[in-house]
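Reading the structure
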Amino acid sequence: MVSPIVKVDDKHLPLYRVVWIADLPHFCGEEDCQREGYYEIRLDVEDSVWTSSAERDEVLEALNRWCGDPRDDPDERPF
């Protein structure tokens, strides 16, 4: 069985808490922004973690393994 836990930065994150993952890095233009260039992983209860593109890709792969990617299922038919 695939583990539903993934490590992001220094946090062990349960995959069932992930709501969405940003496809583009954060950019707001504020001079003092500390999240510039990082990717947001939105969690339930209005919480987020921020990560690099490499860790974001690892979380996406973990989600595909855990939830299954319908493109890998030969019995699935596209609409």
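So, a few notes on the structure that sits alongside this text. (Residues numbered from 1 in each chain as written. Predicted model: local features only at pLDDT ≥ 70, side-chain atom pairs only at ≥ 80, totals over all residues. Heavy atoms only, no water.)

Observations concerning the nonpolar core
Operational definition: Nine residue types can take part in a nonpolar core, namely buried Ala, Val, Leu, Ile, Met, Phe, Trp, Tyr and Cys, and a core is a set of them joined through side-chain atoms within 4.5 Å. Burial classification: accessible surface area is computed with a 1.4 Å probe over protein chains only, and a residue below 20% of its type maximum counts as buried, one above 50% as exposed, and the rest as partly exposed. Strands here mean DSSP runs of E at least two residues long; helices mean DSSP runs of H or I at least four residues long; both are numbered from the N terminus.
Core analysis: the largest hydrophobic core is formed by 12 residues, namely Val6, Val8, Leu13, Leu15, Val18, Ile21, Ile41, Leu43, Val49, Val59, Ala62 and Leu63. For this core, the secondary-structure elements that each account for two or more residues are β1 (5–8), β3 (18–21), β4 (39–43) and α1 (53–67). Among the elements that make up this core, the one with the highest residue count is α1 (three residues).

Focus on the sheet that holds β3
Note the threshold: In this analysis, strands are considered paired if DSSP registers two or more bridges between them. Lines are fitted to the C-alpha atoms to define the axes, a helix being fitted only along its stretch in contact, and any angle between axes, read from their N-to-C directions, falls within 0 to 180 degrees. Every residue pair with non-hydrogen atoms within 4.5 Å of one another is taken to be in contact.
The strand order across the open sheet built from three strands is β3-β4-β5, with neighbouring strands paired in antiparallel fashion. At either end of the open sheet lies a strand with only one pairing partner, and these are β3 and β5 (47–51). Strand-to-strand twist in this sheet, taken as the mean axis angle between neighbours without regard to direction, amounts to 25°. Pairing geometry for β3 and β4, over three bridges, is antiparallel. When the sheet's bridge partners are listed, Trp20 is paired in β4 with Arg42. Relative to the sheet, α1 contacts β3, β4 and β5, its axis offset from that of β3 by approximately 130°.

Observations regarding the environment of Asp23
Of note, Asp23 is situated in the loop between β3 and β4. Sequence separation between Asp23 and Arg56 is 33 residues, and the spatial gap between their C-alpha atoms is 8.9 Å. What Asp23 contacts, discounting residues up to four positions off in sequence, is Tyr39 and Arg56.

Comments concerning a nonpolar patch on the surface
To keep it simple, the criterion reads: For patch building, the residue pool is restricted to those with more than 30% relative accessible area and no salt bridge; the joining distance is 9 Å between like charges and 5 Å between nonpolar side chains (Val, Leu, Ile, Met, Phe, Trp, Tyr). Using a 1.4 Å probe, accessible areas were evaluated by the Shrake-Rupley method; residue-level cover was limited to the displayed protein chains. A side-chain nitrogen of Lys or Arg and a carboxyl oxygen of Asp or Glu constitute a salt bridge if their distance falls within 4 Å.
A grouping of Val2, Tyr16 and Trp66 is seen on the molecular surface, where their side chains present a nonpolar patch of about 310 Å² in accessible area. Topologically, Tyr16 is positioned in the loop between β2 (11–14) and β3.

Considerations on the pairing of β5
The pairing of β4 with β5 spans five bridges and is antiparallel. When the bridges of β5 are listed, Leu43 appears paired with Asp47. If you look at the hairpin formed by β4 and β5, you'll find three residues sitting between the two strands, and Val45 has a positive phi there, around 60°.

As for the pattern of salt bridges
All chains considered together, the criterion is met by seven salt bridges. Across the salt bridge formed by Asp9 and Lys11, the nearest N and O atoms sit 3.5 Å from each other. Salt-bridge contacts for Arg17 lead to Asp47; the nearest nitrogen and oxygen are separated by 3.8 Å. Here Arg17, found in the loop between β2 and β3, pairs with Asp47, found in strand β5; they are 30 residues apart in sequence, far enough to count as distant. Exposure remark for Arg17: the relative accessible area of 23% places this residue in the partly exposed category.

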